[in-house]
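These are the residues of each chain, in order.
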Amino acid sequence: QVQLVESGGGLVQAGGSLRLSCAASGRTYSVYSMGWFRQAPGKEREFVAAISRYDDTTYYAAAVKGRFTISRDNAQNTLYLQMNSLKPEDTAVYYCNKDPRAIPPTTTSQWDNNWGQGTQVTVSS
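Our subject in this report is the structure included herewith. (Residues numbered from 1 in each chain as written. Predicted model: local features only at pLDDT ≥ 70, side-chain atom pairs only at ≥ 80, totals over all residues. Heavy atoms only, no water.)

1. A few points about the overall build of the protein
No. 1: Helix and strand content of the protein: 0 helices and 10 strands.
No. 2: The C-alpha atoms of the protein give 13 Å as radius of gyration, which agrees with the globular expectation for 125 residues (14 Å, within 12%).
No. 3: By principal-axis analysis of the C-alpha atoms, the protein measures approximately 40 × 25 × 25 Å.
No. 4: By the burial criterion, 45% of the 125 residues in the protein qualify as buried.
No. 5: Partitioning the contacts of the protein with sequence separation of at least 6, the portion at a separation of at least 24 is 60%.
No. 6: Looking at the protein as shown, the accessible area adds up to about 6,600 Å², and 45% of this sits on carbon and sulfur atoms. (Helix = DSSP H or I, 4+ residues; strand = E, 2+ residues; numbered from the N terminus. Rg over C-alpha atoms; globule rule 2.2 N^0.38 Å. Buried < 20%, exposed > 50% of the residue type's maximum accessible area, 1.4 Å probe, protein only. Contact = heavy atoms within 4.5 Å. Areas by Shrake-Rupley, 256 points an atom, 1.4 Å probe, with all protein chains shown as cover.)

Following this line, the structure appears as structure tokens:
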């Protein structure tokens, strides 16, 4: 069983950057595709980015493409989300999740419905 813990959130001004981390426990981390999601107040949780377990192909939501970069370090059992050029609309709680498929889905409902505490990102204008 892989347990996931998100960290790295904080308060940043618009235009700034943050790097989120998702630490995974367990020796089977590398067999999963991984994804980042976010949920703003009053809104549903939405897909942000994913990375394939097979060949590290990455997938992004249109709203973050070109600004966010997802990556993984299998040796460290850690997933990252580098967020640049942040906007106030990026404010949300950010979550990571795992999926066994080689091509990860890009809709939230297709992922494991087992979410951690997340990490808060607040972007001020």
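2. Concerning the sheet that holds strand S9 (residues 92-99)
No. 1: The strand order across the open sheet formed by 6 strands is S2-S10-S9-S4-S5-S6, and the pairing between neighbours is mixed. One side of each edge strand has no neighbouring strand; the edge strands of this open sheet are strand S2 (10-13) and strand S6 (58-60). Going across the sheet, the axis of each strand differs from the next one's by a mean of 25 degrees, ignoring polarity.
No. 2: Pairing analysis gives 4 bridges linking S2 to strand S10 (residues 119-124), with the strands arranged parallel. Directly across from glycine 10, in S10, lies its bridge partner valine 121. (Pairing = 2+ DSSP bridges. Axes fitted to C-alpha atoms, helices over the stretch in contact; angles between N-to-C directions.)

3. Thoughts on the state of the cysteines
No. 1: In total, this model carries 1 disulfide according to the counting rule given.
No. 2: One disulfide bridge connects cysteine 22 with cysteine 96, the sulfur atoms lying 2.1 Å from each other. Since a negative S-S torsion denotes a left-handed disulfide, the cysteine 22-cysteine 96 link at about 65 degrees is right-handed. With cysteine 22 in strand S3 (residues 18-25) and cysteine 96 in strand S9, this pair connects stretches of sequence that are 74 residues apart. Take cysteine 22 and cysteine 96: they sit in the same class, and that class is buried. (Disulfide = S-S within 2.5 Å.)

4. Here we look at the sheet that holds strand S1 (residues 3-7)
No. 1: With antiparallel pairing, 4 strands are arranged side by side in an open sheet as S1-S3-S8-S7. One side of each edge strand has no neighbouring strand; the edge strands of this open sheet are S1 and strand S7 (68-73). Here the average twist between neighbouring strands, direction ignored, is 15 degrees.
No. 2: Relative to S3, S1 runs antiparallel, the two being bridged by 5 bridges. Within the sheet, the bridge partner assigned to valine 5 lies in S3 and is alanine 23.

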